[in-house]
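Here are the chains, one letter per residue:
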Amino acid sequence: MKASSLPSPGAPSRWRLYLDLIRFNRPAGWLLLLWPTLSALWMAADGFPGWHLLFVFTAGTVLMRSAGCCVNDVADRDFDKHVKRTAQRPVTSGAVSVKEALLLGAALALVAFALVLTTNAPTILLSFAALAIAIAYPYAKRFVSMPQAVLGVAFSFGIPMAFSAVLGGADWHWRAVADAVPPHAWWLLVSNLFWVLAYDTEYAMVDRDDDIRIGIRTSALTLGRFDVAGVMAFYLIHLASWAAIGRLLGLGGWFLAGVAAAAAQVAWHYGLIRGRTREGCFKAFRLNHWVGFAVFAGTAVDLALR
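In this text the structure is predicted, and so the values were computed from the model without any measurement.

A. Main features of the side chain of Ser-164. Within the secondary structure, Ser-164 is located in helix α9 (residues 158-167). For Ser-164, a relative accessible area of 0% puts it in the buried group.

B. The arrangement of the nonpolar core in detail. Leu-38, Trp-42, Phe-57, Phe-163 and Tyr-199 are the most contacted members of the largest nonpolar core, which totals 87 residues. Looking at this core, the element that brings in the most residues is helix α11 (residues 183-206), giving 13 residues. Other than its neighbours up to four places away in sequence, Phe-57 contacts Leu-34, Thr-37, Leu-41, Gly-158, Met-161, Ala-162 and Ala-165.

C. Summary view of helix α2 (residues 28-45). Helix length check: α2, at 18 residues, gives a terminal C-alpha distance of 26 Å against a target of 26 Å (1.5 Å per residue), a fit within 8%. α2 sits mainly inside the fold: 16 of its 18 residues count as buried. Immediately downstream of α2, the backbone of Asp-46 shows phi near 60°, a positive value.

D. Layout of the pattern of salt bridges. Evaluated as defined, the whole model comprises 8 salt bridges. Of the charged contacts in the structure, one is a salt bridge between Asp-20 and Arg-16, with a shortest N-O distance of 3.5 Å. Of the two residues, Asp-20 and Arg-16 are both situated in helix α1 (residues 14-21); the distance of 4 residues between them amounts to about one turn of the helix. Here Asp-73 and Arg-23 are joined by a salt bridge, their closest N and O atoms 2.8 Å apart. Of this pair, Asp-73 sits in helix α3 (residues 51-75) while Arg-23 sits in the loop between α1 and α2, placing them 50 residues apart in sequence. Across the pair, Arg-23 and Asp-73 agree in class, each one buried. Members of the salt-bridge network, linked through shared partners, are Arg-23, Asp-73 and Arg-89.

Criteria and cut-off values
- Residues numbered from 1 in each chain as written.
- Predicted model: local features only at pLDDT ≥ 70, side-chain atom pairs only at ≥ 80, totals over all residues.
- Heavy atoms only, no water.
- Helix = DSSP H or I, 4+ residues; strand = E, 2+ residues; numbered from the N terminus.
- Buried < 20%, exposed > 50% of the residue type's maximum accessible area, 1.4 Å probe, protein only.
- Core = buried A, V, L, I, M, F, W, Y, C linked by side-chain atoms within 4.5 Å.
- Contact = heavy atoms within 4.5 Å.
- Expected span 1.5 Å × (residues − 1).
- Salt bridge = Lys/Arg side-chain N within 4 Å of Asp/Glu carboxyl O.

Structure (structure tokens):
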């Protein structure tokens, strides 16, 4: 082997680079997807959904979030190099090639699809729509003033899929999807979209100066000086609508206690972001998964104690 082909001393291994690419050491990202999906799964099943569906949706969430990171980093590689926080990402820095990143993302998505194949026909059909939205999101920021709304749909699509996996049958047509996914599942998706708008606007506030300089569109820039008010309004809409839907489904005191615990965290987040510091906004974003966990815990406990 030629000396030039050897890795430089101290250079990370390929496995370490791939783990960095999929944000393996940052579980907050997949937890943000997981908690509302599991809440929907418990609601659809009227309690514990069984180990099979719990495994499918937990593993599938981790895999698809990891695949999404691969696609996102390829799409944003020319932007990320101008942002201090993202300049050393594996694809942006050239440590991992575009081809490698796309192959890894495709492999992860295929494993996730294999898990979906163990569910039912309507859920499999929905997975194609979910994949299309996930691929579209990284490019939305070039054309949409609030691309976080597109991310909100992508990050919330596990909700109708959870209902479909519990309630769906074996028919291979889109009418079967409508039969398997009740209207309140779509309302839960819309409600969760506002939560995504809240925490991803906090995330966008971290990179506001860099995004202005390189011309990326974000909700933080669109909202301007109303960014903090917008974040709090998004939180309020999410928690109020999610609570209302839960009550319509018959959930009671423990569920509302979970929503209240989430609201208390939102009040704390206001203190973190009102100064618009990078550190405060990033901390609020990074800890947001506890908001989702509080709602899920309230849902699971309420259904278990019926």
